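# Coordinate inspection notes
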Amino acid sequence: MNMAAAARISTKWSPCSKAPGYGCKRYGLLIAINAHIFGSVETLYKAGSDEQKKRYLRKLATGEWVAAHSVTEPEGGSDLGNMQTIARKVGDRWIINGKKKYATCGAGADLHVVYAKMDDPERYRLSCFLVEPGTPGMTVKPLPATGLHGSGLSEVTYENVAVTDENILGKPGSGSMVFQGSIERERACIFGFVLGAMQKELELAIEYANKRVVGGRAIAGYQAVAHRIADMKMRLDASRLLLYNVTALKSANKRAPIEAAVAKLFISESFVQNSLDLIRTFGGNGFITENGIHTFLNDALGTIIFSGTNDIQRNIIAALGVRG
Ligand SMILES: Cc1cc2nc3c(=O)[nH]c(=O)nc-3n(C[C@H](O)[C@H](O)[C@H](O)COP(=O)(O)OP(=O)(O)OC[C@H]3O[C@@H](n4cnc5c(N)ncnc54)[C@H](O)[C@@H]3O)c2cc1C
């Protein structure tokens, strides 16, 4: 390799520097907006009655109201078949009891889209409810986290919370179907901001590698550094194509469970890897807090967990695409 040429890494790589997340490093805020739109608003739009849409959709779509989508429980979010929150019909009311954990936007939400198991010993069925936070028996506790600050992550407790049929999204017992549609859209779309974040990381790495002189030369001239940055670029481009692939399918109203799982898995793992590689490129300057380089990794860690952990994505890909 010509070492003089290798002393600079090309900066002509930025076909899409306006990707969402590029200019706003408050990824907690972006994930909150995305969870609101893809987890809650689209779910209401797809499954809600005309009356529910009239009551909530305009406020939610304009951002006047924020909604939280609550599925996960303290006993294990990966196992939807073990939901402990129960909705019991008493007269014309549904009485909800249980606890939800990690609801993005939960702190400060004006509406909660929440799933509960129906009190039916014969069959395991879920229903999806719309609950306003002022409803007696409902308490919301913010959950401080290591990254994605501003996402409003919360624990929500339901203690004899009474609602009516009007609060059910879809039909009673159709919660699993509502959830499947919702999680596929969320998984497909919520990672858009990661493309912008990875683009920013790439540019920071290139700029630093070309500027930082060690041993009498810019570190970009060391093949180990240059190749690491080349891999960051490769992961970003592959992530973009996977995201565009699944969002095109969803825009065409097609089912895309494998494509959504593949995109979620690859993009989030790439974000973690690129964040580690950015820190490696910065050396000690990536580790001290004043440069803010470490925050990419803190935020990236959340992405391998939400919308179903990456172990669960591999389960989905294996079940739907590998075992035939
Ligand atoms: C930033 C962030 C935002 C979130 N936002 C929301 C939200 O808005 N709404 C919401 O409802 N939830 C939300 N969550 C929760 C998230 O969906 C859950 O944390 C996730 O589904 C995992 O559940 P758990 O934390 O209970 O882990 P567990 O289910 O306890 O899993 C623990 C470990 O075991 C593994 N594991 C468990 N079961 C299996 C299996 N069958 N096969 C292979 N491995 C398995 C997991 O992969 C994981 O490594 C959010 C989480 C984070 C971090």
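Because the structure is predicted, anything quoted here is derived from the model rather than measured. (Residues numbered from 1 in each chain as written. Predicted model: local features only at pLDDT ≥ 70, side-chain atom pairs only at ≥ 80, totals over all residues. Heavy atoms only, no water.)

Turning our eyes to something else, we now look at the overall build of the chain. Across its full length, the chain holds ten helices and ten strands. The C-alpha radius of gyration computed for the chain amounts to 22 Å, which stays within 12% of the reference 20 Å derived for 324 residues, consistent with globular compactness. The principal-axis extent of the C-alpha atoms belonging to the chain is close to 80 × 45 × 35 Å. The buried share among the 324 residues of the chain stands at 47%. Once local pairs closer than 6 in sequence are excluded, the contacts in the chain between residues at least 24 apart make up 75%. Carbon and sulfur atoms make up 55% of the accessible area of the chain, which totals about 15500 Å². For the chain, the separation between the mean place of its 39 positive charges and that of its 30 negative charges on side chains is 6 Å. (Helix = DSSP H or I, 4+ residues; strand = E, 2+ residues; numbered from the N terminus. Rg over C-alpha atoms; globule rule 2.2 N^0.38 Å. Buried < 20%, exposed > 50% of the residue type's maximum accessible area, 1.4 Å probe, protein only. Contact = heavy atoms within 4.5 Å. Areas by Shrake-Rupley, 256 points an atom, 1.4 Å probe, with all protein chains shown as cover. Lys, Arg positive; Asp, Glu negative; His and termini not counted. Charge placed at Lys NZ, Arg CZ, Asp CG, Glu CD.)

For the rest of this paragraph, the subject is a nonpolar patch on the surface. A grouping of Leu29, Ile33 and Ile37 is seen on the molecular surface, where their side chains present a nonpolar patch of about 220 Å² in accessible area. With respect to the helices, strands and loops of the structure, Leu29 is situated in helix 2 (residues 27–47). (Patch = residues over 30% accessible without salt bridge, like charges linked within 9 Å, V, L, I, M, F, W, Y side chains within 5 Å. Salt bridge = Lys/Arg side-chain N within 4 Å of Asp/Glu carboxyl O.)

The tendency in soluble globular proteins is for nonpolar side chains to be buried side by side. One finds Tyr27, Phe191, Val194, Ile229, Ile267, Phe271 and Leu278 to be the most contacted residues of the largest nonpolar core, which totals 44 residues. Taken together, the elements giving at least two residues each to this core come down to helix 2, helix 4 (175–189), helix 5 (192–211), helix 6 (223–251), helix 7 (257–282) and helix 9 (294–303). Top element by residues in this core is helix 5. It accounts for ten residues. The residues contacting Ile267, other than those within four sequence positions of it, are Phe191, Val194, Met198, Ser239 and Leu243. (Core = buried A, V, L, I, M, F, W, Y, C linked by side-chain atoms within 4.5 Å.)

Here Ser239 is to be found in helix 6. A polar contact of 2.8 Å, which involves the side chain of Ser239, links it to the backbone oxygen of Arg235. Among residues more than four places away in sequence, those in contact with Ser239 are Leu195, Met198, Phe266, Ile267 and Ser270. (Polar contact = N/O pair within 3.5 Å; in protein donor to acceptor, adjacent residues only side chain to side chain.)

Mapped onto the fold, Glu64 is located in the loop between helix 3 (50–62) and strand 1 (67–70). We classify Glu64 as partly exposed; its relative accessible area is 48%. Along the primary structure Glu64 and Asp110 are separated by 46 residues, whereas in three dimensions their C-alpha atoms are 9.1 Å apart. The contacts of Glu64, once residues within four sequence positions are left out, are Arg58, Lys59 and Asp110.

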